[in-house]
Amino acid sequence: MAETDKTSIGIDFGGTSVKLGVCRGDELLITDEPIPTAQFHGPAALIGEMAARVAKLQKTYPAICAIGVGVPGLVDFDHGFVHELTNVPGWKHVPLKAILGEKTGLPVLVENDANAMTYAEFRHGAARGLKNVIGMTLGTGIGGGLVLDGKMFRGSGFVAGEIGQMSIDYNGKAGHYGNLGALEKYTGNQQIAEHAVLRYSEAGIEKDIADCTPKKIADAAQAGDDIARQIWAEVADWLGTAISSIAWLLNPDAFVIGGGVAQAGDLIFNPLKNKVQSMLSTVVWERLQILPARFSNEAGIIGNAALAADAV
């Protein structure tokens with residue numbers, strides 16, 4: 001897919017704030033001050049503020065041709081309809097595309113946030129130039145996105161890519177939807193911290209959850225803590241089990257992994273690669289890359305802007 005010189009707006013809708021930025025290709029030209037979601041009661045007021053911010057950005061960048069909005073929830077992509085945002089009160093059954101489009105006069109695309117991250121890495125990031133890319137975000141939960149044969153794959157209900165709901169143990173922990181062994185019940189931030197508390201307790205060391213965040217466990221492992229290193233090896237086993245299953249099913253060129261947990265670097269990537277290789281045939285493994293994401297906090301803005309620009 002060729003580079004675009006189109007200028008577009010990417011909007012990254014989080015649980016506590018909404019971030020806006022103007023992009024041209026992989027260049028983030030400007031970001032606006034985040035909009036605190038708690039200051040706006042209900043969708044109408046918040047969408048009104050988003051439209052006002054867009055109008056302000058248009059004065060500086062009159063060539064803006066489209067808006068892409070990424071949300072942490074289930075969306076009807078075709079209609080730009082948000083079914084529900086679990087962390088933002090009042091956001092149920094919201095026709096975001098129609099309302100924001102009417103207020104701004106611009107084409108609007110509404111996407112799941114993990115899909116936007118994946119598209120950012122596919123178009124402009126770590127997986128640029130590849131055709132089959134699986135994106136994973138490792139944070140509070142586990143999100144995912146699928147680019148297959150150069151196109152975002154969303155599934156019949158636009159829910160494809162929810163890797164965090166995949167089972168790694170059919171007798172395991174119950175997921176949010178009753179799915180036993182759901183990956184994110186093992187590898188989310190909170191779950192890693194809880195597992196670390198248990199591992200230290202078994203070794204006669206008492207630690208609080210606050211002392212066992214992924215960042216602190218990574219720091220401990222870097223300092224030579226054998227228990228912390230073992231924790232990362234176990235996390236790699238869990239992630240590798242899911243990644244191997246996906247690789248057998250889809251045979252992608254690459255997995256691109258971002259989010260807070262991925263900041264552990266080689267502590268997670270080295271054992272993860274070893275685990276995945278041990279579960280795949282050479283035919284699958286020799287063409288597979290497991291890559292850290294290029295973009296971090298700006299991935300949502302860049303991905304949504306790219307999706308919007310490529311759609312017009």
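Residues numbered from 1 in each chain as written. Predicted model: local features only at pLDDT ≥ 70, side-chain atom pairs only at ≥ 80, totals over all residues. Heavy atoms only, no water.

- Looking up the protein chain in an unreviewed UniProt entry gives the name ROK family protein, with the organism given as Prosthecobacter fluviatilis.

Here we look at the overall build of the protein chain
- Per the secondary structure count, the protein chain includes 10 helices and 14 strands.
- For the protein chain, the C-alpha radius of gyration of 20 Å lies close to 20 Å, the compact-globule estimate for 312 residues.
- The principal-axis extents of the C-alpha atoms in the protein chain amount to approximately 60 × 45 × 35 Å.
- For the protein chain, buried positions account for 49% of its 312 residues. (Helix = DSSP H or I, 4+ residues; strand = E, 2+ residues; numbered from the N terminus. Rg over C-alpha atoms; globule rule 2.2 N^0.38 Å. Buried < 20%, exposed > 50% of the residue type's maximum accessible area, 1.4 Å probe, protein only.)

Regarding helix H5 (residues 189-202)
- The end-to-end C-alpha distance of H5, which contains 14 residues, comes to 20 Å, matching closely the 20 Å that a straight helix rising 1.5 Å per residue would cover.
- Within H5 the residues assigned to the buried category are Gln 191, Ile 192, Ala 193, His 195, Ala 196 and Tyr 200.
- Its buried side turned inward, H5 meets helix H4 (184-187), helix H6 (214-222) and helix H7 (226-250).
- Just downstream of H5 lies Gly 204, where phi reads positive at about 80 degrees. (Expected span 1.5 Å × (residues − 1). Contact = heavy atoms within 4.5 Å.)

Looking at the packing of H5 against H7
- Running from N to C, H5 and H7 point in directions that differ by 135 degrees, and their axes come no closer than 10 Å. For the element pair H5 / H7, the angle class is oblique. In terms of crossing hand, the pair formed by H5 and H7 is right-handed. Packed against H5, whose contacting residues are Ile 192, His 195, Ala 196, Arg 199 and Tyr 200, the element H7 presents Ile 227, Ala 228, Ile 231, Glu 234, Val 235 and Trp 238 at the interface.
- Class assignment for the residues of the contact of H5 with H7 results in 8 nonpolar, 1 polar and 2 charged. (Axes fitted to C-alpha atoms, helices over the stretch in contact; angles between N-to-C directions. Parallel < 35°, antiparallel > 145°, perpendicular 65-115°, else oblique. Left-handed = near helix turned anticlockwise from the far one by under 90°. Nonpolar A, V, L, I, M, F, W, Y, C, P; charged D, E, K, R; others polar.)

With respect to the nonpolar core
- Counting residues in each nonpolar core, the largest one holds 44 residues, and the members touching the most others are Met 136, Leu 183, Trp 232 and Ile 257.
- Among the elements of the structure, strand S10 (133-138), strand S11 (142-148), H5, H6, H7, strand S13 (254-258), helix H8 (266-278) and helix H9 (282-285) are those that each provide at least two residues to this core.
- Sorting elements by how many residues they give to this core places H7 first, with 12 residues.
- Core analysis: the next-biggest nonpolar cluster, separate from the first, contains 29 residues, Ile 11, Ile 47, Val 94 and Val 110 among them. (Core = buried A, V, L, I, M, F, W, Y, C linked by side-chain atoms within 4.5 Å.)

Thoughts on the sheet that holds strand S6 (residues 74-76)
- If you walk across this open sheet you meet the 3 strands as S6-S7-S8, and the pairing is antiparallel. At either margin of the open sheet sits one strand with a lone partner, and together these are S6 and strand S8 (92-94). Across this sheet, the average inter-strand angle for adjacent strands is 20 degrees, counted without regard to direction.
- Summarising the sheet, S6 and strand S7 (residues 81-84) pair through 3 bridges and their orientation is antiparallel. Pairing of Val 75 across the sheet is with Val 82, part of S7. (Pairing = 2+ DSSP bridges.)

Here we look at the environment of Ser 296
- Residue placement: Ser 296 occurs in the loop between strand S14 (289-292) and helix H10 (299-311).
- By relative accessible area, which is 48% here, Ser 296 ends up partly exposed.
- Taking the C-alpha atoms as reference points, Ser 296 and Gly 260, 36 residues apart in sequence, are found 9.0 Å from one another.

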